[in-house]
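Summary of the model geometry
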Amino acid sequence: MRPIRRPDAVLVQAVIAGALSFAHLHDLAAAAGQSGWKAWAYPVSVDLLLVAAWRRLRISRAAGVPARSAWTWFTVALVASLGANVATAGLLDLGHVPDWLRILVAGWPALAFLGGTLLVHSPSEPATEPARMPALPSVDPEPAHEPPPESPAVPVPPALVAHARKIANDHQARTGSPIDADTLRARLGVPPLMADAIAAQLA
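What counts, and at which threshold
- Residues numbered from 1 in each chain as written.
- Predicted model: local features only at pLDDT ≥ 70, side-chain atom pairs only at ≥ 80, totals over all residues.
- Heavy atoms only, no water.
- Helix = DSSP H or I, 4+ residues; strand = E, 2+ residues; numbered from the N terminus.
- Buried < 20%, exposed > 50% of the residue type's maximum accessible area, 1.4 Å probe, protein only.
- Contact = heavy atoms within 4.5 Å.
- 1 Å grid on protein atoms, 1.4 Å probe; cavity = no way out; pocket = protein on both sides within 12 Å on 5 of 7 lines; lining within 4 Å.
- Points joined across faces, edges and corners; volume = space filled by probe spheres on them.
- Nonpolar A, V, L, I, M, F, W, Y, C, P; charged D, E, K, R; others polar.
- Axes fitted to C-alpha atoms, helices over the stretch in contact; angles between N-to-C directions.
- Parallel < 35°, antiparallel > 145°, perpendicular 65-115°, else oblique.
- Left-handed = near helix turned anticlockwise from the far one by under 90°.
- Salt bridge = Lys/Arg side-chain N within 4 Å of Asp/Glu carboxyl O.
- Patch = residues over 30% accessible without salt bridge, like charges linked within 9 Å, V, L, I, M, F, W, Y side chains within 5 Å.
- Areas by Shrake-Rupley, 256 points an atom, 1.4 Å probe, with all protein chains shown as cover.
- Phe/Tyr/Trp six-rings, centres within 6.5 Å; stacked < 30°, edge-to-face > 60°.

Its place among the elements puts Ser81 in helix H3 (residues 68–91). Since its relative accessible area comes to 9%, Ser81 is described here as buried. In this structure, Ser81 is in contact with Ser21, Leu25 and Val46, ignoring residues within four places of it in sequence.

Next up, the structure:
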């Protein structure tokens, strides 16, 4: 006889918790004025950002690179999910949603797009220093100087450039000097090439 396979209690619990969280996010979005398919898209967006951030965390750990950006967006998605669960637990009148909550719900798509873009462009492998070749004497007394190869263009989303411009303006206002590429990269949590591309557009 085949052994009777018992359902995994942890898996069943995960399915129940996911379904409840999904419903709470939908109810909150609907109460904030997002009707029809838009109310159903909000829990999908939150859960996808949560999964993408968790996947980036695992990749970053395996590659030995910093995972600050992944932790940031994982926390943002987790707070959005937990916030919906708490808000729909009777602590908030869904018939009279405050204006600040409507603003947060309406601004979530742009925030989720920014987070997804940064997660996609986060480095997945540690930077390796190229091997140094031994110096050789030059045969030609006047060697031709060739221009250095151009770095490949890094695509930068317009939303990310606008966010970086706000950071740069704030830095200029506080310090009185333009923001440098290293500081911009640390504030945005993006790879060096993307930070240079963004700094070039801000110049």
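As a volume, the second largest pocket reaches approximately 450 Å³. Contributing to the lining of the second largest pocket are 20 residues, with Ala80, Leu101, Leu104, Val105 and Trp108 lying nearest its centre. Breaking the lining of the second largest pocket down by element, the ones donating at least two residues are helix H1 (9–31), helix H2 (37–63), H3 and helix H4 (99–120). For the lining of the second largest pocket, the element with the most residues is H4, which contributes eight residues. Classifying every residue of the lining of the second largest pocket by side-chain character gives 18 nonpolar, two polar and no charged.

We now examine the packing of H2 against H3. Between H2 and H3, whose axes approach to 8 Å, the crossing angle comes to 150°. Considering the angle they form, H2 stands roughly antiparallel to H3. In the crossing of H2 with H3, the sense of the turn from one axis to the other is left-handed. Between H2, through Val46, Leu49, Leu50, Ala53, Trp54, Arg56, Leu57 and Arg61, and H3, the contact on the second element is made entirely by Ala70, Trp71, Trp73, Phe74, Ala77, Leu78, Ala80 and Ser81. Grouping the amino acids of the contact of H2 with H3 by side-chain chemistry returns 13 nonpolar, one polar and two charged.

Position of Arg55 relative to the elements: it lies in helix H2. The exposure class assigned to Arg55 is exposed, which follows from its relative accessible area of 55%.

Our next topic: the pattern of salt bridges. In total, this model carries one salt bridge according to the counting rule given. Between Arg174 and Asp170 there is a salt bridge; the shortest N-O distance is 2.9 Å. Here Arg174 pairs with Asp170, and both are found in helix H5 (residues 158–175), just four residues apart, close to one helical turn. Looking at Arg174, the relative accessible area reads 53%, which means it is exposed. Residue Asp170 is classed as partly exposed on the basis of its relative accessible area of 35%.

The subject of this paragraph is a nonpolar patch on the surface. On the surface, a nonpolar cluster with roughly 250 Å² of combined accessible area is contributed by Val12, Ile16 and Leu20. Inspection of the secondary structure assignment puts Ile16 in helix H1.

This part is about the side chain of His171. With respect to the helices and strands, His171 occurs in helix H5. Residue classification places His171 among the buried positions, given a relative accessible area of 12%. Setting aside anything within four residues of it in sequence, one finds His171 in contact with Gly176, Ser177, Pro178, Ile179 and Thr183.

Evaluation of the coordinates by the stated rule reveals two aromatic pairs. Arranged with centres 5.9 Å apart and planes meeting at 45°, the rings of Trp54 and Phe74 form a pair that is tilted. Within this pair, whereas Trp54 is found in helix H2, its partner Phe74 is found in helix H3, the two being separated by 20 residues in sequence. Look at Phe74 and you get buried, because its relative accessible area is 17%. When the centroid spacing of 5.9 Å and the interplanar angle of 90° are considered together, the rings of Trp71 and Phe74 count as edge-to-face.

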